[in-house]
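Below are the chains, spelled out letter by letter.
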Amino acid sequence: MSDGDLLEQWTVHLAQGRRRSAHTVRAYVSSARRLVEDCGLSSWDDVARLDAAALRKQLAARRAEGLGNASAARELSALKSFISFAQAQAGMDEKSGPRLRGPRIKKGLPRPISPDDAANIADLVGESAADSWIGARDRAVLLLLYGAGLRIAEALSIKANDLPLGATLSVTGKGGKQRIVPILPIVSEAVAEYARLSPWPTHDDEAVFRGAKGGPLSQGMVQKAMAKARLVLGLPATATPHALRHSFATHLLGAGADLRSLQELLGHASLGSTQIYTKVDAAKMLETYRGAHPRERD
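Cut-offs used in this document
- Residues numbered from 1 in each chain as written.
- Predicted model: local features only at pLDDT ≥ 70, side-chain atom pairs only at ≥ 80, totals over all residues.
- Heavy atoms only, no water.
- Salt bridge = Lys/Arg side-chain N within 4 Å of Asp/Glu carboxyl O.
- Helix = DSSP H or I, 4+ residues; strand = E, 2+ residues; numbered from the N terminus.
- Buried < 20%, exposed > 50% of the residue type's maximum accessible area, 1.4 Å probe, protein only.
- Phe/Tyr/Trp six-rings, centres within 6.5 Å; stacked < 30°, edge-to-face > 60°.
- Pairing = 2+ DSSP bridges.
- pLDDT = per-residue confidence, 0-100.
- Contact = heavy atoms within 4.5 Å.

K.L.:
Please provide a residue-by-residue account of the pattern of salt bridges, values included.
P.N.:
Two side chains of opposite charge can pair, provided their charged atoms sit close to one another. With the rule as written, the count across this model stands at 9 salt bridges. Arginine 34 is paired through a salt bridge with glutamate 75; the nearest N and O atoms lie 2.9 Å apart. Note that arginine 34 is positioned in helix H2 (residues 22-39) and glutamate 75 in helix H5 (residues 69-89), a separation of 41 residues in sequence. The closest approach of N and O atoms between glutamate 154 and arginine 151, which form a salt bridge, is 2.5 Å. One exposure class covers both glutamate 154 and arginine 151, and it is buried.

K.L.:
Account for the packing of aromatic side chains, with residues named and values stated.
P.N.:
Per the counting criterion, the structure on display carries 6 aromatic pairs. Ring centres 5.8 Å apart and planes at 65° place the aromatic pair tryptophan 44 and phenylalanine 82 in the edge-to-face group. Remark: phenylalanine 82 occurs in helix H5 and tryptophan 44 occurs in helix H3 (residues 44-48); sequence separation between them is 38 residues. Since its relative accessible area comes to 6%, tryptophan 44 is described here as buried. The structure contains a cluster of three or more aromatic residues connected by ring pairs, namely Trp10, Trp44, Phe82 and Phe85.

K.L.:
How would you sum up the pairing of strand S2 (residues 178-182)? Please name residues and give values.
P.N.:
Side chains Arg179 and Val181 of S2 all project onto a buried face; the interleaved residues Gln178, Ile180 and Pro182 project onto a face where none is buried. Two successive antiparallel strands, strand S1 (residues 168-172) and S2, enclose a turn made up of 5 residues, where glycine 175 displays a positive phi of approximately 65°.

K.L.:
Go over the confidence of the model for the protein chain with me, naming the residues and quoting the values.
P.N.:
For the protein chain, per-residue confidence averages 82 on the pLDDT scale, and 83% of positions sit at 70 or higher. Counted against residues more than four places away or in other chains, residues 280-298, with its pLDDT under 50, gives 11 contacts.

K.L.:
Pulling in residues and values, what's your account of the environment of glycine 214?
P.N.:
Position of glycine 214 among the secondary structure elements: in the loop between helix H9 (185-197) and helix H10 (219-233). For glycine 214 and tryptophan 200, which are 14 residues apart along the polypeptide, the C-alpha to C-alpha distance reads 6.1 Å.

Take a look at the structure:
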């Protein structure tokens, strides 16, 4: 068996067996390819026999290239998964991979945007585009992120047969996990306005949001439009399209939403991913307190 066969089987397992996203598949396969090439592996038995020392050596080489803690942790996770898969392919009973602790990662808190800033960004993006249909398009996408808490890839995956948007929308998120999200009137109206102005006709199974030349809209174009708007509004670099999703979650939690409901709305697989927003809310409360307390203003 060649190393190409190993990587091809690993790719199929990730994409079809585990239903990982295209981004995750690329990252995991790249990590496996480096390991296979650096260690001269040619069979599942070779991969399955790798121990913690071999992984440690591989990670040390990657760290010497400037790999940070977060990236090193992801690399280790990918390699351990690859070895566990190899052990299963080789018929071994032990399928847990080598025991090796990854680097500690300081988990930062997402930085929300205020409701006014979120609305101003969407409106400014809509008004400043060269063509009215492009402005309507970008405004609609940003309102989907803030108004429905969608990931940018989820917003861009909306198909023509989803229109006109109703009170709810069925969304397929990470790992093929489906959820129902509520759609506010301002959001559905923005999407309808874009669909009315768009010069590109779409069939039922085609993406609604199109680029200037008619192809599917890329995430980069939305990010670029928002970057220009935040400069005009004097917002920090953390004011990205994904920050609108963070803001959706933080503002809902501050308004009294419970964590379980928020977990469902965001499409998080685990409650732990949602709980980070309680820290965001607490951090904002502390900041407000410090600004208002008499002793802090002395």
